[in-house]
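Listed below, chain by chain, are the residues.
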There are 4 protein chains.
Amino acid sequence: MPSNTARVAGRHFLQIPGPTPVPDRILRAMDMPVLDHRGPEFQKLGRRVLENVKTVFKTRAPVIIYPASGTGAWEAGLSNCLSPGDKVLMYETGHFATLWRNMAVKLALDPVFIGSDWRQGADPEAIGAALAEDKAHAIKAVCVVHNETSTGCVSPIAKVRKAIDQANHPALLLVDTISSLASIDYRHDEWGVDVTVAGSQKGLMLPPGLSFNAVSDKALAAAKASRSPKLFWSWEEMLPANRAGYFPYTPATNLLYGLDAAIDMLHEEGLENVFARHDRHAAATRAAVEAWGLEVLCRVPEHYSSSLTAVLVPDGHDADAFRARALEAFDISLGTGLTKLAGKVFRIGHLGDTNDLTILGALAGVEMGLELAGIPHKKGGVAAAMAHFTAAARSALPRAAE
Amino acid sequence: MPSNTARVAGRHFLQIPGPTPVPDRILRAMDMPVLDHRGPEFQKLGRRVLENVKTVFKTRAPVIIYPASGTGAWEAGLSNCLSPGDKVLMYETGHFATLWRNMAVKLALDPVFIGSDWRQGADPEAIGAALAEDKAHAIKAVCVVHNETSTGCVSPIAKVRKAIDQANHPALLLVDTISSLASIDYRHDEWGVDVTVAGSQKGLMLPPGLSFNAVSDKALAAAKASRSPKLFWSWEEMLPANRAGYFPYTPATNLLYGLDAAIDMLHEEGLENVFARHDRHAAATRAAVEAWGLEVLCRVPEHYSSSLTAVLVPDGHDADAFRARALEAFDISLGTGLTKLAGKVFRIGHLGDTNDLTILGALAGVEMGLELAGIPHKKGGVAAAMAHFTAAARSALPRAAE
Amino acid sequence: MPSNTARVAGRHFLQIPGPTPVPDRILRAMDMPVLDHRGPEFQKLGRRVLENVKTVFKTRAPVIIYPASGTGAWEAGLSNCLSPGDKVLMYETGHFATLWRNMAVKLALDPVFIGSDWRQGADPEAIGAALAEDKAHAIKAVCVVHNETSTGCVSPIAKVRKAIDQANHPALLLVDTISSLASIDYRHDEWGVDVTVAGSQKGLMLPPGLSFNAVSDKALAAAKASRSPKLFWSWEEMLPANRAGYFPYTPATNLLYGLDAAIDMLHEEGLENVFARHDRHAAATRAAVEAWGLEVLCRVPEHYSSSLTAVLVPDGHDADAFRARALEAFDISLGTGLTKLAGKVFRIGHLGDTNDLTILGALAGVEMGLELAGIPHKKGGVAAAMAHFTAAARSALPRAAE
Amino acid sequence: MPSNTARVAGRHFLQIPGPTPVPDRILRAMDMPVLDHRGPEFQKLGRRVLENVKTVFKTRAPVIIYPASGTGAWEAGLSNCLSPGDKVLMYETGHFATLWRNMAVKLALDPVFIGSDWRQGADPEAIGAALAEDKAHAIKAVCVVHNETSTGCVSPIAKVRKAIDQANHPALLLVDTISSLASIDYRHDEWGVDVTVAGSQKGLMLPPGLSFNAVSDKALAAAKASRSPKLFWSWEEMLPANRAGYFPYTPATNLLYGLDAAIDMLHEEGLENVFARHDRHAAATRAAVEAWGLEVLCRVPEHYSSSLTAVLVPDGHDADAFRARALEAFDISLGTGLTKLAGKVFRIGHLGDTNDLTILGALAGVEMGLELAGIPHKKGGVAAAMAHFTAAARSALPRAAE
């Protein structure tokens, strides 16, 4: 935390869709002496996190852990199983899908980009149709963002899998779960994903600095043939070392301490409970948005995100001016509208380690900020969210409540 | 934090009237190696905190720092300047004033206790009258609690001083500021207080474990004559060592690191801003209570506390059952009703390092908890508090808001 | 740690006989949000530490935990089971025994002080003789310091017990274990101690701020009759609250988190292993002193302390000038000579959380400091300690060493 | 730190040549809430570290900070200013130079590798000769490791620069300073280096997870022409965002907090003092090696490393068995011999945040470990190092020593 700034009392409300608030237990776990990453103590840690992290992806396949933030894991996914010139089918769910596609161009791949209005998740039928047309199997991979962080829309990965299968197409399936993993139900094995890309700073409740590739056998086979230049991202360098609990180059040891704690915490709460909590916070947030008379960007209810909610501001109003006002007046950070959504939406992050009262404090900050910024809206958003939480609490505590 | 409990997500809302949430910066300052408390590095620290802590009491007099929690500082105040058999005039503002009086009995003093209904601060006139009657000056000290933590009522210390002066009585004035110091305006020198008793775990934003006596010349003179047995609490042991930056026995070094940081933080924010923030949070809380149709325990508006608000629950309802429900459902700790207020009130702490959105989250927890617990109330408390904060923010940001 | 000092690289060598280096795990355990000390989470912690701390004292009796440093626990011991005017037999083992005796005077007790040359522990025969003479049983308590921190001499408590029993005297036995508990074998129940006084900042590896009274049934019975004024220290206030896992006034919550961790750590290592480790470090230190041609202050080998070693400097040389030089040149804090030992001895603390290499670094700092300060000595102290450790390691690893 | 291991008392001696012990102040600086990396608070931090880190490289050129460990910065250096097929001149100083060369192959570059016996730094004449022969200027870059971590040999970068200039060759100069930056004098601008590669976990005293490229104008110009596929490592993505204090993708925020503190600490000590301290520790270590009758791997005294010392064990003895024994008996981690040095050398790290007594503890661990492991040696290594430190301390404290 920068030290030479004027003192603002209390705890900042970090309500962006990641990085998320890091629990004290995780920060303290990382606040420990560095180990020799070639020694026997480290090996125990390495083995434990490499094995246990699989449960979060719901996979038995290897999960590669990079000492790098999430953009690196995107690059790793593409560069390990594809080669310059390869055609890849990508889906324009929003800003981050567009960045991933731009990366594919920089990596000399040949992306086909299915367009969209940024207000829904990927359409499995469109993917299926594109694959069905590709008789020659020129398309080597399908890339989909599970939870598009710029829009708050979730793509139905199980259905995408089905569409690929129905097209009888051999393309790999690469999925970005950066803002969904450990927040929204996700199943690497069951859904037949070949490469799952993830990062530490969202549902995993860690600071940024680790990223992940969960890798299927099919992806590993494809990697053997890849001609993309790489070393840092190379699975082939990683996997033999990982088998012994080590890493081929210096890992981000202290973040691994944190990951070790984070996995424990997710299982102590129970992954299903974690997902239900995110669902509850998202539903309460949407209830608030509805009460305000504002519009949720995502217009397909089945695609609503439980990690964040993007909210449209009325025409003629500036979402960023509102955000600045809320930050100044109430010390709350909200997500900005990205590229073509700039100024038009703000995003409320409700993922990671949080609880009902914090969400209500955040929604209060939004409601008061709307007022201060002169954004037309009705009051009652917080009240609507409270009604949602009260009902949820009542049904969760039936015996005690009688 | 106990480690082997089921995982509850997010940050606990600690809304008791102390201990208060400790800022990360203070916790990290304390999370440092212990120093040799007889060495030169410690001496710099000792001199700095012993000098700087005076600014928080608004005094030039010595402030004694005990490695002990607040009850000890009560005992220190009484046992240093009084002797067994001495008559002391004490004022029954509530539970804590009663405990202090009970302590006086245990210390073989002879307390005269002015009764009250626990719904207001001390009455300077009653004190003046009692002193006026004491022609023989048998009363050696007047003891008043500045902010009665059990009731949320503030006693007007400047007026108490005036009443003593008008009675032309030589009694010492001892004031307990445990839940007011660094939260509510307080002036040791200007108000002519002889012993100010304080603790670390409220407005000072520290964990419990330090307590204080600010000591006037008159109190020091009285101490010379004291026959109360003591050593740990003895000012006479402390002061010579303190002058050199040291302590006569082992100090709570790491809490002193925290105190050093806390004083800096109070001055970075500005003590007047700290008080204004507490006033704002208290006013918003009372606005919520009023909207709920509930009654604030304190019935003298000039005595309203900016540290906490005690709220009466309607007859036939149990405040503690409500508190338990709120804790279970929303992970919020509220203060209980003490002794004769047990079950009749709950207390909302709004002191220490907090901000508007946290207060709103807390008030939402109260409002939803009232609903779950079946306490009769109207909705709209949070909305009323939001209106208060919005207005305050608007007036604080005039230029930006245009 | 004071922030605005010139940067000195590396970790300070804190080799005073307490406070001792606090392990990271304990500092991190304390670096956590404060709990409501009246709530159910706290209760679990309270019950756990109050029960588990008994194992460290080797007792089934209640152990009282004060939110105060060790001097307070001395006062608590005396003021709970004695009354003004009571005669107490105390033994002048050194500076701290003298302070305890001075405290007894301040508390209006009537101490009888058996003198000594400060170079050995208490003599059980002298105690037995004094008691035998006290036919009227005017002596109400015998007070002995187990490990005299100013001299590095240990008193044989089991033999003191035997002497009391042989004299058939009903006096209580109060023992100060401030610098021995969790470092040197100690058995409250087996040795029939009535009050064991202890502190957090030595063998318990915590910062200062907690202190302890382990209390026998006989002591509790005596407490009922005590007429000493007190409240903060009163066992009678503490015990009923403790039975429920709570405290009668605000406890030092974060230090209790640390205590919880410290007890776990002592048992993970094993108390017998902890004692053996301290014995080894003490023996290696004495080997170094002997090699330097200097004299250990303690002249009774059976009384050698495993917590610290006090070393005499040759006549005409100033131990404090040497200490200052070592601190300046090598960033090592050593203990000073106290009162009548001032300038004549320095003390090497080797207690708490440390290991062989740290002790060797410390001894190297002493040896080099002696050289820089011009204290006559022979080289080879570190080499002698290394020989001791090498032999110990060899015998600890018999199979691996073949 | 792994939690479920048997308790070993005291502080581990981490004497590998990196990662190095992280100072408490840095760990605590990182143990803080994550900021919104798109917000104004972050921007202040971003601007500060991006500007201040330049002082450590002694450059005015931009320094790129990657949220990745050091191997990534190697890849970044190569892939930004070179293209597939480009010839690069690399120097086989040891294991890490070999790994860098292997990376060049993976990145489809065409390395020319000047061989060596791994017992000295790079030879500027050999580099000059190779460049002189390259009349066609096919060689696009010269890559040299400043401090070869596997051998403890330093390459004379200023002389390499001169050799390039004398050959009148336009090749870029890329230098790996991973284990030298902030430990051994280094001057990016003065020595005309084009890309300096560095990492966080050595002289910068941070955990692993950040790495660096300091980039000259010439390197930036070359980058414009590069055809290597990349995005995460792309300078062109980084620099525009950095100019505003931001990063193009999520940075490792908490490590940046640490970097901010680390830079402050380096300047508080003074970079020249930091280098002198490393020189002193290295000289004392070599004095110990000489006293043991063992051989330092580096055989060119001007190439001795101040970061680490690699020590040859006598033929027929296993350095790794010795290391395992020292770890088991004395809780010290030493560096292993890598690839062709496996079993033949051990490496003593003496870089980062350490002091004389810690180095002596470490050397004692080595000397006792040699004894336990049956490695032929003479005693007296620690004594020789102590003599070195005593002399250094005496000359540093002239006035006080009189």
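The structure displayed is predicted, hence computed values, not measured ones.

**Notes on the relation of the copies chain D and chain B**
For these two chain copies, the linking operation is a rotation about an axis paired with a shift along it.
For step 1, the next point in the chain: It takes a turn of 180° to lay chain D on chain B, together with a shift of 0.0 Å along the axis; the resulting RMSD is 0.0 Å. Classification of the inter-copy transformation places it as that of a two-fold axis. Measuring from the rotation axis to each C-alpha of chain D, the shortest distance belongs to R28(D), at 3.0 Å.
For step 2, the next point in the chain: Of the interface residues in chain D, 100% have counterparts in chain B that sit at the interface too, so the contact is made through matching surfaces.

**Some thoughts on the sheet that holds strand β12 (residues 308-312) of chain A**
Residues and elements named next belong to chain A.
For step 1, the next point in the chain: In space, the 3 strands of this open sheet follow the order β11-β12-β14, with antiparallel pairing throughout. One side of each edge strand has no neighbouring strand; the edge strands of this open sheet are β11 (295-296) and β14 (345-349).
For step 2, the next point in the chain: Sheet topology places β12 next to β14; 5 bridges connect them, and they run antiparallel. Residue pairing across strands places L308 opposite G349, the latter belonging to β14.
For step 3, the next point in the chain: Set on the sheet, helix α10 (residues 271-292) makes contact with β11, β12 and β14; between it and β12 the angle comes to about 10°.

**Some thoughts on the interface of chain D and chain B**
For step 1, the next point in the chain: With 5 residues of chain D in contact, the opposing surface of chain B contributes 5 residues.
For step 2, the next point in the chain: Split into classes, the residues belonging to the side of chain D that touches chain B amount to 2 nonpolar, no polar and 3 charged.

**A closer look at the relation of the copies chain A and chain D**
For step 1, the next point in the chain: Of the transformation placing chain A onto chain D, the axial shift is 0.0 Å and the rotation is 180°, giving an RMSD of 0.0 Å.
For step 2, the next point in the chain: When the interface residues of chain A are mapped onto chain D, 98% of them again fall at the interface, so both copies present the same face.

**Some details on the domain arrangement of chain A**
Quite often, the size of an interface is put as the accessible area lost when its parts meet.
Residue and element names in this part refer to chain A.
For step 1, the next point in the chain: What the domain assignment reports for chain A is domain 1 (13-19 + 270-401) and domain 2 (25-267).
For step 2, the next point in the chain: Inter-centroid distance (C-alpha atoms) of domain 1 to domain 2 is 28 Å.
For step 3, the next point in the chain: Opposite the 27 residues of domain 1 that make contact, domain 2 presents 26 residues.
For step 4, the next point in the chain: Every element with two or more residues in the side of domain 1 that touches domain 2 is listed here: α10 and β12.

**Digging into the interface of chain A and chain D**
For step 1, the next point in the chain: The partner chain D presents 52 residues to the 53 residues of chain A that form the contact.
For step 2, the next point in the chain: Mapped onto the side of chain A that touches chain D, the elements with two or more residues apiece are α1 (24-30), α2 (40-57), α3 (70-81), α4 (95-106) and α9 (253-269) of chain A.
For step 3, the next point in the chain: A class-by-class count of the residues in the side of chain A that touches chain D yields 29 nonpolar, 15 polar and 9 charged.

**Observations regarding the UniProt feature "domain: Aminotransferase class V" (unreviewed entry) in chain A**
For step 1, the next point in the chain: Within the UniProt annotation, "domain: Aminotransferase class V" (unreviewed entry) is assigned to residues 36-321 of chain A.
For step 2, the next point in the chain: Across residues 36-321 of chain A, helical content stands at 43% and strand content at 16%; the span's end C-alpha atoms are separated by 48 Å.

Rules of the game
Residues numbered from 1 in each chain as written. Chains lettered and ligands numbered in written order. Predicted model: local features only at pLDDT ≥ 70, side-chain atom pairs only at ≥ 80, totals over all residues. Least-squares fit on C-alpha atoms with pLDDT ≥ 70 in both. Contact = placed C-beta atoms within 7 Å. Pairing = 2+ DSSP bridges. Helix = DSSP H or I, 4+ residues; strand = E, 2+ residues; numbered from the N terminus. Axes fitted to C-alpha atoms, helices over the stretch in contact; angles between N-to-C directions. Nonpolar A, V, L, I, M, F, W, Y, C, P; charged D, E, K, R; others polar. Domains from an automatic or database assignment. UniProt positions renumbered as here; feature names shortened; annotations may be inferred.

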